[in-house]
Amino acid sequence: MTTTTAVGESIEQFRDRFVRITREVGRRIVGHEEIVNLTVTSLLAGGHVLLEGIPGVGKTSLVHTLADVLHLTFSRIQFTPDLMPADIVGTNIVQEHSHGGTFFEFQPGPIFANVVLADEINRATPKTQSALLEAMQEVSVSVGKTTYKLEQPFFVMATQNPLEMEGTYPLPEAQLDRFFFKLKVMYPPEEAMHEILERTTRDGDATVSRVVDGPAILEMRHVARSVAIARPVQAYAIRLTLGTHPDSPYASPLVKRYVRYGASPRAAQALVLAAKIQALNRGLGFVSVDDVRAVALPALRHRVLLNFEGEADEVNTDTIVGELLQTVGA
Amino acid sequence: MVQDLGRTGTPDEIVRAELARADRLRRVRASSARLWRTAPWASAVCALVAGIGRVAGWPGIVSIALLTIALGSLAGYVFYARRPRPVTDVDAADLDSRASLRGELRSAYWFANVPAEASAHAENPWVEFHLARAADRLRAIDWSALYPAERATREKIATALLTVLVLVAALFVPGRSPLSALASGGNASDVRLRGSALPSTSLPSALLDQIEKLLTAAEASGGKALTAAQVQDLLAKLDQLKAGKADMPRAADGKAPQLTKADAKALAERARKDADNPDLEPEVRDALTDLANKLSDDPQQRASTAQDAREASGAKDTQQGDTAQSAAAGDKQDGSTQSVKDAASGGGVGIVMMNNEDGAKSKEAGLGLGGGDGDNAKGGSMPDLAAALRKETVEAKTDNPGENVFTGVNRKTEHGDAALAYTHAQPGAAERGHSTAPPAVPDNRRAAVKGYFTRKQ
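Residues numbered from 1 in each chain as written. Chains lettered and ligands numbered in written order. Predicted model: local features only at pLDDT ≥ 70, side-chain atom pairs only at ≥ 80, totals over all residues.

**Quick word on helix α2 (residues 33-45) of chain A**
Residues and elements named next belong to chain A. In a regular helix each residue adds 1.5 Å, so 13 residues correspond to 18 Å; α2 covers 18 Å between its end C-alpha atoms and thus fits that length. Of all 13 residues that make up α2, 11 are buried, and the element is covered over most of its length. The set of residues buried in α2 consists of I35, V36, N37, L38, T39, V40, T41, S42, L43, L44 and A45. Two residues or fewer after α2 comes G46, characterised by a positive phi angle close to 85 degrees. (Helix = DSSP H or I, 4+ residues; strand = E, 2+ residues; numbered from the N terminus. Expected span 1.5 Å × (residues − 1). Buried ≥ 20, exposed ≤ 12 C-beta atoms within 10 Å, placed from the backbone.)

**What about the sheet that holds strand β2 (residues 74-78) of chain A?**
Strand pairing in a sheet relies on backbone hydrogen bonds, with the paired strands running either antiparallel or parallel. Residues and elements named next belong to chain A. If you walk across this open sheet you meet the 5 strands as β2-β5-β8-β1-β9, and the pairing is parallel. Edge positions in the open sheet fall to β2 and β9 (181-185), since each of these has one partner strand only. Each adjacent strand pair in this sheet contributes to an overall mean axis angle of 20 degrees, direction not counted. Examined bridge by bridge, strand β1 (residues 49-53) and β9 share 5 bridges and lie parallel to one another. The residue of β9 that forms the bridge with G53 is V185. (Pairing = 2+ DSSP bridges. Axes fitted to C-alpha atoms, helices over the stretch in contact; angles between N-to-C directions.)

**Describing the interface of chain B and chain A**
The partner chain A presents 18 residues to the 19 residues of chain B that form the contact. With 8 residues, the single largest contributor to the side of chain B that touches chain A is helix α6 (residues 125-139) of chain B. Residues of the side of chain B that touches chain A, tallied by class, amount to 8 nonpolar, 5 polar and 6 charged. (Contact = placed C-beta atoms within 7 Å. Nonpolar A, V, L, I, M, F, W, Y, C, P; charged D, E, K, R; others polar.)

**A few points about the nonpolar core**
Within the largest apolar cluster, 126 residues are counted, with the highest numbers of intra-cluster contacts made by A:V115, A:L271, A:V292 and B:V15. Setting aside residues up to four positions removed in sequence, A:V115 forms contacts with A:V63, A:L66, A:A67, A:L70, A:L72, A:F74, A:F155 and A:M157. The next biggest cluster of nonpolar side chains, apart from the first, holds 22 residues, and it includes B:L207, B:L267, B:L280 and B:A287. (Core = buried A, V, L, I, M, F, W, Y, C linked by C-beta atoms within 7 Å.)

**As for helix α5 (residues 126-138) of chain A**
Residue and element names in this part refer to chain A. Between its terminal C-alpha atoms α5 stretches 18 Å, which fits the 18 Å expected from 13 residues at 1.5 Å a residue. Within α5, burial applies to T128, Q129, A131, L132, L133, A135 and M136. Residues of α5 that are buried in the fold lie against α4 (85-89), β5 (115-119), β6 (140-143), β8 (155-160) and α6 (173-176). Count one or two residues on from α5 and you reach V139, which has phi positive near 55 degrees.

The quantities given are spatial measurements derived from coordinates; they are silent on function.
And the structure:
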């Protein structure tokens with residue numbers, strides 16, 4: 001009885017924190033409730049987010065606000081073609097002792113923060129991108145012969161602009177796969193535009209309070225992984241993942257026609273983990289098929305690689321995943 | 001009982017019991033819905049068949065059998081659909097959706113059915129919490145409200161009415177072939193015979209009087225006053241009545257007494273008894289036999305009589321060889337056999353019966369000695385046969401080879417007839433008929449055939 005009561009309290013606490021985070025972010029970010037929800041989900045799952053949207057829709061503001069609300073260290077890296085890996089991870093600098101002599105001292109780069117904003121990540125060279133993506137995957141950086149662990153929670157939010165693609169270096173599929181979610185930040189609706197103008201054109205800025213700190217985030221991550229998931233629900237997540245492969249029996253017609261490679265097992269992990277957080281966010285201690293479906297689009301859309309015909313026909317991977325949700329039975 | 005078990009116990013037991021109960025309610029409702037959607041249509045089909053059967057003369061047992069099969073099939077389906085069976089994940093998902101539990105029931109049911117020792121979730125407080133919460137929610141659900149009993153009042157009424165209609169049509173509505181026909185052991189041939197039977201219950205009163213007088217005359221004073229012509233006249237009238245050509249007032253018009261089946265049968269028995277009277281002339285006895293057959297309403301007796309006639313004819317052919325023509329006009333083998341024999345013999349009484357120079361009057365052979373009657377389906381009656389034999393005897397005495405008998409011409413004529421017989425018969429059958437004996441009389445008919453010929457002698 002005690003254990004079940006503790007579980008219930010954990011769920012309530014998780015939900016309460018989640019709601020407080022999104023509410024505080026919502027005080028500054030208007031019209032992107034779903035993006036905020038999924039971003040926090042990714043943070044609590046230990047993943048990283050790739051935000052894609054046109055300039056000026058609030059991507060950077062979202063990251064700033066989230067860092068403020070979470071009481072975490074924040075750094076921003078503006079990716080440019082001449083950005084070097086050392087500019088991200090840091091470098092050894094020759095220092096002089098007070099008593100004479102020199103020595104190498106590691107100067108951490110901007111990657112050493114809890115929340116990192118990699119702005120316009122596709123404008124840097126693949127070499128620099130790889131440095132960031134390695135840090136995202138390993139949660140550590142290697143400089144010289146020394147490996148430095150990054151502080152947890154470590155959360156990277158990369159943005160990229162779908163326009164002005166000239167002179168950019170699109171992320172390879174292997175590196176895209178390392179992002180937990182790919183979120184498309186759309187233009188805010190008309191009503192939200194009114195709210196945005198009222199908040200940003202007045203004297204003074206909306207202030208947000210810090211509702212959660214780093215240890216609380218880590219605790220929430222632990223709680224999220226404890227949620228029970230029944231085998232049929234897990235099987236549904238697996239079928240969805242396998243359905244993105246053109247030679248799979250679960251593949252939809254669009255997948256068979258336009259997809260070259262489907263999602264990796266990492267996608268299934270993302271589906272299940274994100275579904276668990278969605279369940280907790282609903283105050284439940286189990287995962288349902290609806291939870292899996294709710295996170296299928298952001299978890300799968302960047303893991304589906306189109307073939308030549310799909311690229312030529314400018315097929316949207318959202319359409320493919322949407323059809324998959326319709327065809328794969330629960 | 002299941003409900004009581006579901007209200008107590010551990011959370012996983014409650015989940016399992018509640019789900020089993022809900023699944024049973026769901027299947028009961030689904031099967032009831034399908035049942036009452038189908039039952040009126042099945043009953044309607046049975047009623048339609050019963051109606052058609054009444055018109056077409058089918059026995060009523062057909063409708064009842066169809067109704068029984070339909071109702072039995074539906075009952076079997078209901079029994080099959082409601083049988084106890086384990087709840088599957090699909091069932092759990094359906095129940096979960098129905099109760100708007102958003103996946104909780106489906107998930108809990110899976111955890112409740114996983115053996116603890118084989119599960120990685122054993123002693124997992126999250127699973128226990130999940131099951132406990134699911135059990136609490138399941139206890140609060142009124143499954144009977146979610147799956148209420150199927151009312152289907154209109155369907156039930158329609159099914160009951162149509163079923164009663166089928167039974168009434170099958171059991172109480174008289175048809176052209178009532179149920180008693182099959183109940184008495186009738187078969188298809190009997191039904192056909194019955195269809196051509198004399199409408200005994202609607203005989204004209206004048207005809208009834210004539211039959212009564214004739215039978216009385218046959219029974220009085222040894223029947224000496226009764227002539228074959230009288231009986232033949234009566235038979236002719238009966239034939240006309242059967243063909244619907246008689247212009248007589250019917251007994252059924254209400255002015256004359258109604259002739260029941262029992263009356264008709266009694267008259268037939270009297271005629272048959274009179275036909276056995278040895279004091280009567282053979283022609284009269286045969287005519288009385290025909291009268292008895294026409295009056296008789298017993299299909300078995302009629303069929304037996306017809307069968308006797310056919311078999312007797314066949315036996316007679318065998319005995320008399322080329323003297324007689326085959327009575328069974330449809331029996332190609334017998335017919336061809338006789339024709340071959342006729343052609344080979346080239347003379348005798350059979351020659352006279354075959355044909356004469358007047359081809360226009362030549363007709364196919366009939367029953368026995370009286371062939372040439374022209375009616376393929378019916379043999380000649382005994383008076384006809386006797387008259388023909390007398391005529392033949394006279395002609396045989398008066399004709400002498402030479403002046404007025406053209407033997408050559410006759411032979412050609414006979415040969416021509418024989419050739420015609422060949423064309424009517426299948427060559428292969430004719431060859432077999434020429435080389436093999438006719439089929440033997442069945443043992444169960446042998447006594448009847450013997451009695452038939454004994455009586456005529």
